[in-house]
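Residue-level structural notes
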Amino acid sequence: MLSVVVFLPLAVACLLALVRVPDAAARWGWFALSVVEVGLVAGLWFGGPPAPAGGLRFEQRVDWIPLVGSGYHVGLDGLSWPLVALTVVVFAACSVHALGGRDRPRQQAALFCFLQTTCLGVFAAQDLLLFFVFFDLSIVGMYFVIAGWGHGDAARSALQFFLYTFLGSLALLVGFIGLYLAATPHTFDIVELARSAPLQGSGSTGLLVLGAVLLGLAVKTPTFPFHTWLPPAHTDAPAVGSAVLAGVLLKMGTYGFVRIAMPLLPDAWRQWSWVVLAVGIVSVLHGALVALAQTDLKRMIAYTSVNHMGYVVVAVGAAGVVAGSAEQARQIAVVGAVTQMVSHGLITAALFLLAGALHDRAGTYDTGSFGGLARTAPRYAALFAVAAFASLGLPGFSGFIAEFQVFTGAIATAPVAAVAVLGILVTAALFLRALQRLFTGPTTGHSVRFRDLGASELWSAGPLLALALVVGVFPGPLLDTVAPAAANVVDLVSR
Amino acid sequence: MSTTHEDPLALLPEIFLLAGALLTLLTGSFLPRDRQWVSRSVAVVALVGSATAAAVALAGPARTVYTSTYAVDGATGVVRLVVVAATLLVIGLGVPELSGTARESETCSLLLLSALGTVVLAGASDLLVLAVAFLLASIPLYGLIGASRSSAAAEAVVKTYLLGALTNVLLLLGVAVLAALGSTTVYARLGTGLGGSPAAAVAVGVVAVLAGLLFEAGAVPVHSWVPDAAQGASATAAAFATTVPKVGALVALYRLVDALPGTGPGALDWRLLVAVLAALSMTLGNLAALGQDDPRRLLGWSTVSQVGYLLMPVAVAGRAAEALPALLLYLAGYTVTNAGAFAVTAALPQRRTLGSYRGLARRHPALAGALLVCLLSLVGTPPTAVFAGKVAVFSAAWDGGLAWLVVVAAVNTVLSLVYHLRWIAPVFGAGGTAEEGAGPRWGAVPALGAGVGVLAVGIAAVPLAGLVGPALAR
């Protein structure tokens, strides 16, 4: 059944690519698909069979490349389910947003359906090679989104995006092959590798393999100093492309930390954890400070992504630092990391969808060329303000729950993580300043005759923010799902 | 070890190819120009017959025949199938170009002869058979490349011929030296025979033989004919010459490296030599491809870099259990991919610059899709054929102790992405040039077939290599 969820969008993508349906049919077809996907994921989770003890729900295993011991192995646990749910929700929001689009809707819908399969595949995969296949295909899909529907210097940004993330994915592949060769018998199966941790106690080999895996994941996340591809990619991507890139694709990197790097290479992870923690802290501060300096709204949001994903890196880094018997604190940090992935996905996707409205109407993201927008576009102002407050970590929103746990867990194990709290302060400042520039004061520049949000824009960003609010007010179900899996990761990394 | 009582049908697939080549030539010479398709059909029938016989033979046991001079094992079996499939694809993509021309039947005949030489090259387990197979595989290439009678083709054929003649002489010299030192030409006894010989003399012999095989494979340092042939020859000849001979040459290299003494006084570190050649081939090929503007020349340099990856499992022959299956998997994937990319250029003969592919996705979406799949496969993006091969080859090389080569290959893969994207970007870019000439009709069929094949090999990931045990028959 999980395979149906993963491959249904691909089937629709093939259909849309091959059959020349009218534009409206393509748009509504994509929308219908994403609604079905949301329904399927929800139905599966609440109505599906329970997980066998310590196992994966909806597990499925088929031989694929017997030559290298790789299989089609999928399944969900508390780490992957929130991200699968996030994926279908973000894509559904994009499909709503695209109902108002006019630029080659059929091809765009096909491409996004294809992307949806790759994203779901990454989070469902329980085999390293399968993970890699989907991981790499998502890069190809996003390349075409940026190159085909972007603006500005789209071709160049797309190329830069492809080169950077492809280099990262190859480092990842090299690391995977190292893990595969270390296991006896050779296997790419994640569950199998987590059980045996083949490079445990292997000294420098384990460190090098983890180094390759970390490099690959760090480029994708992206963390300082591998984040330079992100701002141009976002600036030149279309709104829905940015939403998917920031909302879902960036999570593949941090998901890889908790799914692959920590459980499969525990002792190497513990040795590298100080580096990871340091990189996380630098990302948080660097992202926030550079975002503060931006006048381009989309670049600013892009840099806050570096900052927000930095919290996740801080959390997983802290979870590897074994200081006394802080088992519980490390578990809280991992739960916080997964919650932050979901939270950032919802909020940033909404922010990018909203930022797209500026470009649609005025052709620019320059905050200086707007002013007093609250008067001409009250709905836009309200929604953007909500998104901004959610993003800066206001209590009541998912971001607060996530960051609170990240810091509680991280500071308890590694007090130095407290430095990263400064990032929240800077983020608050930059969002408030952006709100002030865009929405307050006399109505000037492009704000004059600014058309307020249409239905498709309202109903794409709105539900994402509503979900962020729901998670912020009732975090229980999400945290209960993540907690056992997080405990498992902490157990595995403490071996 | 073979018995003296030989099975005459052991070489049935090869016999089909030889008979097919002769029959094609004969039929062609009695037919008027507008009915030359009959001779082409003869060639196709012979190829299909050869493939059927090869598939049947795969089920048999691995053995050597004719006093251990020819190996009928899994490796030979896979090469027989791959070469036939590639040749069929080449004949298919050549239809629009060759149909009704004066040299149609001759071209088909030469293709079959070179295919035969390639298969024998892969199966040879004796130095003299190897030498004969080399001649049989390379001489038809000169005819094929020169057949289109343009000045570019003339230059290409002169270059190919000179390099081929040089390496041919070297190969014969090497065979003579090794035979003299080892007092045998059969691989099975070569290892022990060379054991006590002076290392320098063995080195001269082996390097000379390697030179010949590297020419056939289009590897550094005897690669310079490849881009010229890819650009100057007809699409048919270019697709064939840059794809098919490699299959035989690389398996022959594998057999040779595997047969050489691994330890003792006569042993040298051949593996390191091959590994260095692999690194040079992939790096040089990629760097040279970066600046190309002619899609065929770009593909030519790209094949030089692909030989680098293909040499990786050769460098760990006998050291890693999966080296041989990995080599065969990569060969199969590479062959269908490269032939597919050439098939697209053959279907669009007027487009000779990367820029002229602008807007192809609008005009011919299926062809653009096939090109995208083939180019992404050449880069090694999943789930395509070359990706499966790359994972297998990387694993084998690392397992055999060449982790540094894996890193070099990974970096090179990123390099190769740059120039393949230079081609992909205009295909899917906005705008477009005015349509030149007639649109591709039947010419697109082989390209689409190859595109589907690339995905099929990648997703089904080839039971083909699974048919082969890790060991060769000697």
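The name an unreviewed UniProt entry assigns to chain B is NADH-quinone oxidoreductase subunit N, from the organism Kineococcus mangrovi. Check the Subunit (unreviewed entry) section of the UniProt entry for chain B; it says "NDH-1 is composed of 14 different subunits. Subunits NuoA, H, J, K, L, M, N constitute the membrane sector of the complex." What UniProt states about chain B under its Sequence similarities (unreviewed entry) heading is, verbatim, "Belongs to the complex I subunit 2 family."

Per an unreviewed UniProt entry, chain A goes by NuoM family protein and derives from Kineococcus mangrovi. The annotation that UniProt attaches to chain A under Sequence similarities (unreviewed entry) is "Belongs to the complex I subunit 4 family."

A few words on the overall build of chain A. Broken down by element type, chain A carries 19 helices and two strands. Taking 495 residues into account, the globule formula puts the C-alpha radius of gyration at 23 Å, and chain A, at 21 Å, falls close to it. With respect to the principal axes defined by its C-alpha atoms, chain A has extents near 65 × 55 × 40 Å. Accessible surface for chain A amounts to roughly 15,800 Å². Of this, 68% is attributable to carbon and sulfur atoms. Distance between charge centres in chain A, computed from 24 positive and 22 negative side chains, equals 8 Å.

Attention now goes to the nonpolar core. Residues Trp269 and Tyr380 of chain A together with Leu311 and Met312 of chain B are the most contacted members of the largest nonpolar core, which totals 358 residues. Among all residues touching leucine 311 of chain B, those that are not within four sequence positions of it are Leu214, Ala219, Leu250, Leu253, Val274, Leu277 and Ala278 of chain B.

So, on to the pairing of strand β1 (residues 57-65) of chain A. All names here are of chain A. Of the strand pairs in this sheet, β1 and strand β2 (residues 70-76) are connected by six bridges, and their pairing is antiparallel. Its bridge partner being in β2, aspartate 63 is matched across the sheet by glycine 71. Linking β1 back to β2 in an antiparallel pair, the connection comprises four residues, with glycine 69 at a positive phi of about 60°.

Here the focus is the packing of aromatic side chains. Residue and element names in this part refer to chain A. As enumerated under the stated definition, the model contains 30 aromatic pairs over all chains in all. Geometrically, the ring pair formed by phenylalanine 91 and phenylalanine 112 is edge-to-face, given 6.5 Å between the ring centres and 70° between the ring planes. Taken together, the residues phenylalanine 91 in helix α3 (residues 81-98) and phenylalanine 112 in helix α4 (residues 105-124) connect sequence positions 21 residues apart. The buried category is assigned to phenylalanine 91, whose relative accessible area is 0%. Ring geometry for tyrosine 180 versus phenylalanine 188: centroids 4.4 Å apart, planes at 5°, classification stacked. In this pair, the class of tyrosine 180 matches that of phenylalanine 188, namely buried.

The next point concerns the interface of chain A and chain B. Listed as interface residues are 29 residues of chain A and, on the opposing side, 35 residues of chain B. Surface buried jointly by chain A and chain B totals about 2,600 Å² across both partners, of which 83% is contributed by carbon and sulfur atoms. Where chain A meets chain B, there are zero salt bridges. Applying the counting criterion to the chain A and chain B interface returns zero residue pairs in polar contact (both at pLDDT 80 or more). With 12 residues, helix α6 (residues 154-182) of chain A is the largest single contributor of residues to the side of chain A that touches chain B. Its residues placed into classes, the side of chain A that touches chain B shows 24 nonpolar, two polar and three charged.

Cis geometry marks the peptide bond from threonine 184 of chain A to proline 185 of chain A; its omega dihedral reads -10°. Relative to the helices and strands, proline 185 of chain A is located in the loop between α6 and α7 (190-196). Phenylalanine 224 of chain A connects to proline 225 of chain A through a cis peptide bond whose omega is 0°. In this structure, serine 68 of chain B takes a positive phi of about 65° despite not being glycine.

Residues and elements named next belong to chain A. As a packed pair, α4 and helix α10 (residues 239-264) sit with axes 10 Å apart at the nearest point and diverge in direction by 15°. When the axes of α4 and α10 are compared, the pair comes out roughly parallel. Crossing angle aside, the handedness with which α4 passes α10 is left-handed. On α10, the residues touching Gln108, Phe112, Leu115, Thr118, Cys119, Val122 and Phe123 of α4 are Val240, Gly241, Val244, Val248, Leu249, Lys251, Met252 and Tyr255. Within the contact of α4 with α10, the residues separate by chemical class into 11 nonpolar, three polar and one charged.

Judged by side-chain polarity, Trp274, Val416, Val419, Leu422 and Leu425 of chain A come together as a nonpolar surface patch covering roughly 500 Å² of accessible area. Relative to the helices and strands, tryptophan 274 of chain A resides in helix α11 (residues 266-292).

Before going further, it helps to examine the pattern of salt bridges. All names here are of chain A. Inspection of every chain in the model, using the stated rule, returns 14 salt bridges over all chains. Across the pair arginine 104 and aspartate 103 runs a salt bridge, and its minimum N-O distance is 3.1 Å. Put simply, arginine 361 and glutamate 457 hold a salt bridge, and the shortest N to O gap is 2.9 Å. Linking arginine 361 in helix α13 (residues 327-362) with glutamate 457 in helix α18 (residues 455-473), this pair joins segments that are 96 residues apart in sequence. Just as arginine 361 is buried, glutamate 457 falls in that class too. Within this structure, Glu59, Arg61 and Asp189 form a network of salt bridges that share partners.

All right, on to the side chain of lysine 298 of chain A then. Residues and elements named next belong to chain A. With respect to the secondary-structure elements, lysine 298 resides in helix α12 (residues 297-320). Of the polar contacts made by the side chain of lysine 298, one reaches the side chain of tyrosine 365; its length is 3.2 Å. Those residues within four positions of lysine 298 in sequence are excluded, and the remaining contacts are His151, His234, Thr235, Ala237, Pro238, Ala239, Ser242, Phe352, Ala355 and Tyr365.

The next subject is the packing of helix α1 (residues 2-18) of chain A against α4 of chain A. Residue and element names in this part refer to chain A. Where α1 contacts α4, the two axes come as close as 8 Å, and the packing angle between them is 160°. In this view, α1 runs roughly antiparallel relative to α4, as classed from their interaxial angle. As α1 runs across α4, the sense of the crossing is left-handed. Residue-level contacts link Leu2, Val5, Val6, Phe7, Pro9, Leu10, Val12, Ala13, Leu16 and Ala17 of α1 to Arg106, Ala109, Ala110, Cys113, Phe114, Gln116, Thr117, Leu120, Gly121 and Ala124 of α4.

With that settled, the discussion passes to the side chain of threonine 304 of chain A. Residues and elements named next belong to chain A. Looking at where threonine 304 falls in the secondary structure, it is placed in helix α12. For threonine 304, a relative accessible area of 2% gives the class buried. Those residues in contact with threonine 304, other than ones at most four positions away along the chain, are Ala291, Leu430 and Phe431.

Below, the discussion takes up the pairing of β2 of chain A. Of all seven residues making up β2 of chain A, seven are buried, and the element is well covered by its neighbours. Residues Ser70, Tyr72, Val74 and Leu76 of chain A of β2 of chain A are buried on one face, and the alternating residues Gly71, His73 and Gly75 of chain A, pointing to the opposite face, are buried as well.

Here the focus is the environment of serine 50 of chain B. Residues and elements named next belong to chain B. Following the sequence through the fold, serine 50 ends up in helix α2 (residues 37-58). In the structure, serine 50 is positioned 39 residues away from leucine 11 in sequence and 9.8 Å away in space, judged by C-alpha atoms. Aside from chain neighbours lying at most four places away, what touches serine 50 is Pro13, Phe16, Leu17 and Val84. Here the side chain of serine 50 touches proline 13 through a polar contact of 3.0 Å, landing on its backbone oxygen.

The next subject is the confidence of the model for chain B. Counting all residues, the mean pLDDT for chain B is 87, and 92% of those residues have values of 70 or more. Two numbers describe this predicted complex: its pTM, 0.91, and its ipTM, 0.87.

Residue and element names in this part refer to chain A. With 18 residues, helix α19 (residues 476-493) should reach 26 Å at 1.5 Å per residue; the first-to-last C-alpha distance of 25 Å fits that figure. Largest kink in α19: about 30°, centred on alanine 483, with the proline proline 484 one to four residues after it. Among the residues making up α19, those that are buried are Leu478, Leu479, Thr481, Val482, Ala485, Ala486, Val489, Val490, Leu492 and Val493.

Taking 1.5 Å per residue as the helical rise, α4 of chain A with its 20 residues ought to reach 28 Å, and the 28 Å between its terminal C-alpha atoms agrees with that figure. Taking burial as the measure, the 20 residues of α4 of chain A include 18 buried ones, the bulk of the element.

Cut-offs applied
- Residues numbered from 1 in each chain as written.
- Chains lettered and ligands numbered in written order.
- Predicted model: local features only at pLDDT ≥ 70, side-chain atom pairs only at ≥ 80, totals over all residues.
- Heavy atoms only, no water.
- UniProt positions renumbered as here; feature names shortened; annotations may be inferred.
- Helix = DSSP H or I, 4+ residues; strand = E, 2+ residues; numbered from the N terminus.
- Rg over C-alpha atoms; globule rule 2.2 N^0.38 Å.
- Areas by Shrake-Rupley, 256 points an atom, 1.4 Å probe, with all protein chains shown as cover.
- Lys, Arg positive; Asp, Glu negative; His and termini not counted.
- Charge placed at Lys NZ, Arg CZ, Asp CG, Glu CD.
- Core = buried A, V, L, I, M, F, W, Y, C linked by side-chain atoms within 4.5 Å.
- Buried < 20%, exposed > 50% of the residue type's maximum accessible area, 1.4 Å probe, protein only.
- Contact = heavy atoms within 4.5 Å.
- Pairing = 2+ DSSP bridges.
- Phe/Tyr/Trp six-rings, centres within 6.5 Å; stacked < 30°, edge-to-face > 60°.
- Buried area = accessible area lost by both parts, 1.4 Å probe.
- Salt bridge = Lys/Arg side-chain N within 4 Å of Asp/Glu carboxyl O.
- Polar contact = N/O pair within 3.5 Å; in protein donor to acceptor, adjacent residues only side chain to side chain.
- Nonpolar A, V, L, I, M, F, W, Y, C, P; charged D, E, K, R; others polar.
- Axes fitted to C-alpha atoms, helices over the stretch in contact; angles between N-to-C directions.
- Parallel < 35°, antiparallel > 145°, perpendicular 65-115°, else oblique.
- Left-handed = near helix turned anticlockwise from the far one by under 90°.
- Patch = residues over 30% accessible without salt bridge, like charges linked within 9 Å, V, L, I, M, F, W, Y side chains within 5 Å.
- pLDDT = per-residue confidence, 0-100.
- Expected span 1.5 Å × (residues − 1).
- Bend = angle between axes of the 7 residues up to and from the residue.

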